[in-house]
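Listed below, chain by chain, are the residues.
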Amino acid sequence: MGFTVEQECPQCGAPVELDETDRLLSCPYCEVRSFLFAKDYFRLVLPHNAPGKDLIYAPYLRLKGALYYCQGMKVQHRILDITNAGTQLKGIPFSLGIRQQCPKIKFITPETRGSFLKFTLDQDKILARAGRFSTSDAIREQLYHRAFIGETFSLIYFPMYVKNNQLFNALEKKPIAKLDEGRNPLELAVRHPKWKLDFLATLCPQCGWDLKGEKDSVVLTCSNCNTAWSAAEGKLVKVNIRSVPDKGGNTLNLPFWKIPATAECADIVINSFADFIRKTGHASTRAIPREWENEELNFWIPAFKIHPKVFLAMSYRITFAFHAERTREMIPENNVYPVTLPRREAIESLKIVFANAIKDQYKKEIYPLLPKITFEPKVSTLVYLPFTETSMEMIQQQSRINFFKAHLKIGRTL
Ligand SMILES: [Zn+2]
Ligand SMILES: [Zn+2]
């Protein structure tokens, strides 16, 4: 479950409701669409019921996504959906438990009144805590790698005020904590925050056409000049696109990030697809064709949100199956599934996808090297692969690789 965000249309001022993971604001009144963009974090505030009070806002880190970890001799995963206090102020609730009737939140603008406490939480520590096992046996197992593939990474500010040396929850007007003698929470406040939300017009930078996308899309496409665009540092940046032709029938084209990468450290070098086959232990069953030695390693990572289990399985199988597949430079005209996982997040997953591809008998040798291995990504491409949609399954048309269709729907709510 998540938060609902209320935001005014930057064009006509009408109130529009969004899911917290949505990045595209479509105004139902003026029909103008805007891509939302924030420099570091998306910053939002909970509403309050204390007009006239001097409000103090405490930051909570909102994390939603999948945590993958390579511990012992296994790659495991866990879905995270947490909201943890990120301030040095003592006594406030550790977590912002989402209530049944969750109030609508709003983006912080320069007009939002109040003082904002500094965000001082170590993300790594939160992830470490979230990935910990409950059994004491498992804790002793070595952790080789951890990756958080997140969709939501925002700060939610909780409103409070001070009365009679006590902190009050400004939403429910209930006391939260007694303040330490002589301690003013405003000492922890950010001076002159200049946070703002940027809106990007969804017009094709190349031809001016209206870009296509859904509300959770992170890449928008232009059907006029056949280009794709993602938001980076406040502007739309062109994305390389390719596709594999479909074979007819009930087709849905799913996007994948094709990411060429190499890894070099003192103990291991992966410079080609052949190296990848050898290091993952897949060379024992067959001889490696000579051309694989010169073929670069491309990771194929789903560019859409999907259950972690399917994410791992698809990355692994498509990376093997499509290493030499021919593609063409165009976006399929119809039945295109939206890109909901940014390239940045796909890159975060490379090491875990590699670890997951390693055969059991090779893990002992390779897993201890994981902390030292870094995959250097090169220029990536978004490739659409055709899948046949049946009543239950999605079947990739060239490779016959399949997964349960229900995972697509679940993935969108992650
Ligand atoms: Zn509007
Ligand atoms: Zn265009």
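Residues numbered from 1 in each chain as written. Chains lettered and ligands numbered in written order. Predicted model: local features only at pLDDT ≥ 70, side-chain atom pairs only at ≥ 80, totals over all residues.

A. Representation of the overall build of the protein chain in the model. Of the regular secondary structure elements, the protein chain holds eight helices and 23 strands. For a compact globule of 414 residues, the expected C-alpha radius of gyration is about 22 Å, and the protein chain comes in at 24 Å, within 12% of that figure. Along the three orthogonal principal directions, the C-alpha set of the protein chain runs to about 80 × 55 × 40 Å. Classification of the 414 residues of the protein chain by burial places 37% in the buried group. Sequence-distant contacts in the protein chain: of pairs separated by 6 or more residues, those separated by 24 or more amount to 70%. (Helix = DSSP H or I, 4+ residues; strand = E, 2+ residues; numbered from the N terminus. Rg over C-alpha atoms; globule rule 2.2 N^0.38 Å. Buried ≥ 20, exposed ≤ 12 C-beta atoms within 10 Å, placed from the backbone. Contact = placed C-beta atoms within 7 Å.)

B. Focus on the environment of Leu18. In this fold, Leu18 is placed in strand S2 (residues 15–19). Sequence separation of Leu18 and Lys215 is 197 residues, and the distance between their C-alpha atoms is 8.3 Å. Residues in contact with Leu18, not counting those within four places in the same chain, are Val5, Gln7 and Leu25.

C. Structural view of the packing of helix H4 (residues 308–321) against helix H6 (residues 350–357). Interhelical geometry of H4 versus H6 gives an angle of 75° and a closest axis separation of 9 Å. In terms of their interaxial angle, H4 and H6 are classed as roughly perpendicular. In contact with Leu312, Ser315, Tyr316 and Thr319 of H4, H6 contributes Val353, Asn356 and Ala357. The class makeup of the residues in the contact of H4 with H6 is four nonpolar, three polar and no charged. (Axes fitted to C-alpha atoms, helices over the stretch in contact; angles between N-to-C directions. Parallel < 35°, antiparallel > 145°, perpendicular 65-115°, else oblique. Nonpolar A, V, L, I, M, F, W, Y, C, P; charged D, E, K, R; others polar.)

D. View of the pairing of strand S19 (residues 298–302). Counted residue by residue, S19 has five buried out of five residues, so it is predominantly covered. With burial as the criterion, each face of S19 is covered, one bearing Asn298, Trp300 and Pro302 and the other bearing Phe299 and Ile301. Looking at chain direction, strand S17 (residues 251–265) and S19 are connected through five bridges and run antiparallel. Residue pairing across strands places Pro260 opposite Asn298, the latter belonging to S19. (Pairing = 2+ DSSP bridges.)

E. Structural view of the domain arrangement of the protein chain. The domains assigned to the protein chain are domain 1 (4–198) and domain 2 (242–413). Between domain 1 and domain 2, the C-alpha centre-to-centre distance is 33 Å. Taken together, the 13 residues of domain 1 in the interface contact 15 residues of domain 2. Its residues assigned to classes, the side of domain 1 that touches domain 2 shows nine nonpolar, three polar and one charged. (Domains from an automatic or database assignment.)

F. Seen up close, the sheet that holds strand S4 (residues 33–37). Read from one edge of the open sheet, three strands run S3-S4-S13, paired in antiparallel fashion. Only two strands of the sheet have a single partner each, and these edge strands are strand S3 (24–26) and strand S13 (198–201). Here the average twist between neighbouring strands, direction ignored, is 35°. The pairing of S3 with S4 spans three bridges and is antiparallel. Bridging from a neighbouring strand, Leu24 pairs with Phe35 of S4.

G. Region of interest: unusual backbone geometry. A positive phi angle is found at Asn164, which is not glycine, with a value near 50°. By secondary structure assignment, the location of Asn164 is in the loop between strand S10 (143–163) and strand S11 (166–169). The phi dihedral of His192 falls on the positive side, at around 45°, and the residue is not glycine. By secondary structure assignment, the location of His192 is in the loop between strand S12 (174–178) and S13. Under the C-beta neighbour-count criterion, His192 is labelled exposed, with 4 such atoms within 10 Å.

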